[in-house]
Amino acid sequence: MSRVHALANALTVLPALPRGGVAGAPDDASTTGGDVAASVGDVVGQVWEAATTPVPPPAAAVVVAMGVLALVVVLVTPVWRVARHVVTIAHEASHAIAALLTGRRLAGIRLHSDTSGLTVSSGRPRGFGMVLTAFMGYVGPGLIGLGAAALLRQGYAVGLLWLLVVLLALMLLQIRNWFGLWSVLVTGAALVGVSWWATPPVQSAVAYAVTWFLLLGAVRPVLELQSERSRGRASTSDADILARLTRLPGLFWVGVFLVVTVGAAVLGGSWIVGPAA
């Protein structure tokens, strides 16, 4: 059964419920439930098979072209202003993951139309958990890109796309504003469309483009952060929060962000263009 047919069956197996007599209703319900379970199971099975089956990497020219495309998106400011929302999603998701891993209680995530965001968690106001939570925002997109590059190196381009869909679905549960809901839904829908309906070459090209963008796009916000700090406009930035938590200057933390993001871009890029291990 093709993916399109499997998805169509999963969406259409629910017949109209009988309005008259109760006789026969349990059998109809049982049949309907079985059809739904079979159709959903078929969809999940096909997704799992596609996600766990390695695929050959695209031609070197495609890999380089996707990198150039990602670099253009990062460097051309009007395009960057739109694409930066993806980096913000990764930024806030990284705050949230760090909070959960350190035992903090996640209270919600907000994404704003000016590409800013806010992740709220509760727990001890100081200590390792708070420091790691504040630290992970700016380095998170680059580290996610590094993990994506590792998956691409092993041939799991389609698996990477579906993994990102799952992460966005989990993030959706914590979104607390309408723009954030819209941003995550649009990004997730685009990835689902490519992962389900696109041809394998297109899926691989998109996976490489997304990975390149996360790696390269993680660097520019750090530079923008320091530009804003130098003008006195970012007193509540992650770097300044870390400065108050650790008594190390904010500029030190900006430097650490830059080293991590540039390092992730260089290492991840070498994994993408180099031969698989």
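- In the annotation of an unreviewed UniProt entry, the chain is listed under the name M50 family peptidase and assigned to Cellulosimicrobium funkei.

Regarding the pattern of salt bridges
Here is step 1: What the rule picks out here adds up to three salt bridges.
Here is step 2: Of the charged contacts in the structure, one is a salt bridge between arginine 220 and glutamate 224, with a shortest N-O distance of 2.9 Å. Here glutamate 224 and arginine 220 lie together in helix H9 (residues 219-230), a separation of four residues that amounts to about one turn.
Here is step 3: With a shortest N-O distance of 3.0 Å, arginine 229 and aspartate 240 are connected by a salt bridge. A residue pair is termed long-range when its members are at least 10 positions apart, and arginine 229 in helix H9 and aspartate 240 in helix H10 (residues 238-246) qualify at 11 residues.
Here is step 4: A cluster of three or more residues bridged by salt bridges with shared partners is formed by Arg84, Arg220 and Glu224.

So, the pairing of strand S2 (residues 117-122)
Here is step 1: In the sheet, strand S1 (residues 105-111) pairs with S2 via six bridges, with the strands oriented antiparallel. Among the inter-strand pairings, arginine 110 is bridged to a residue of S2, identified as leucine 118.
Here is step 2: Hairpin connection between S1 and S2: a loop of five residues separates the two successive antiparallel strands, and threonine 115 in this loop has a positive phi of roughly 75°.

Some points on the nonpolar core
Here is step 1: Formed by 44 residues in total, the largest nonpolar core has its most connected members in Leu111, Trp162, Met171, Val184, Phe213 and Ile272.
Here is step 2: It is helix H6 (residues 157-172) that contributes the most residues to this core, nine residues altogether.
Here is step 3: If sequence neighbours within four positions are ignored, phenylalanine 213 has contacts with Ala70, Val73, Val74, Trp80, Ala83, Val86, Val87 and Ala218.

Observations concerning helix H8 (residues 200-217)
Here is step 1: With 18 residues, H8 extends 25 Å from end C-alpha to end C-alpha; this agrees with the ideal 26 Å at 1.5 Å per step.
Here is step 2: If you check which residues of H8 are buried, you get Gln203, Ser204, Ala205, Ala207, Tyr208, Ala209, Thr211, Trp212, Phe213, Leu214, Leu215 and Gly217.

The rules behind each value
- Residues numbered from 1 in each chain as written.
- Predicted model: local features only at pLDDT ≥ 70, side-chain atom pairs only at ≥ 80, totals over all residues.
- Heavy atoms only, no water.
- Salt bridge = Lys/Arg side-chain N within 4 Å of Asp/Glu carboxyl O.
- Helix = DSSP H or I, 4+ residues; strand = E, 2+ residues; numbered from the N terminus.
- Pairing = 2+ DSSP bridges.
- Core = buried A, V, L, I, M, F, W, Y, C linked by side-chain atoms within 4.5 Å.
- Buried < 20%, exposed > 50% of the residue type's maximum accessible area, 1.4 Å probe, protein only.
- Contact = heavy atoms within 4.5 Å.
- Expected span 1.5 Å × (residues − 1).

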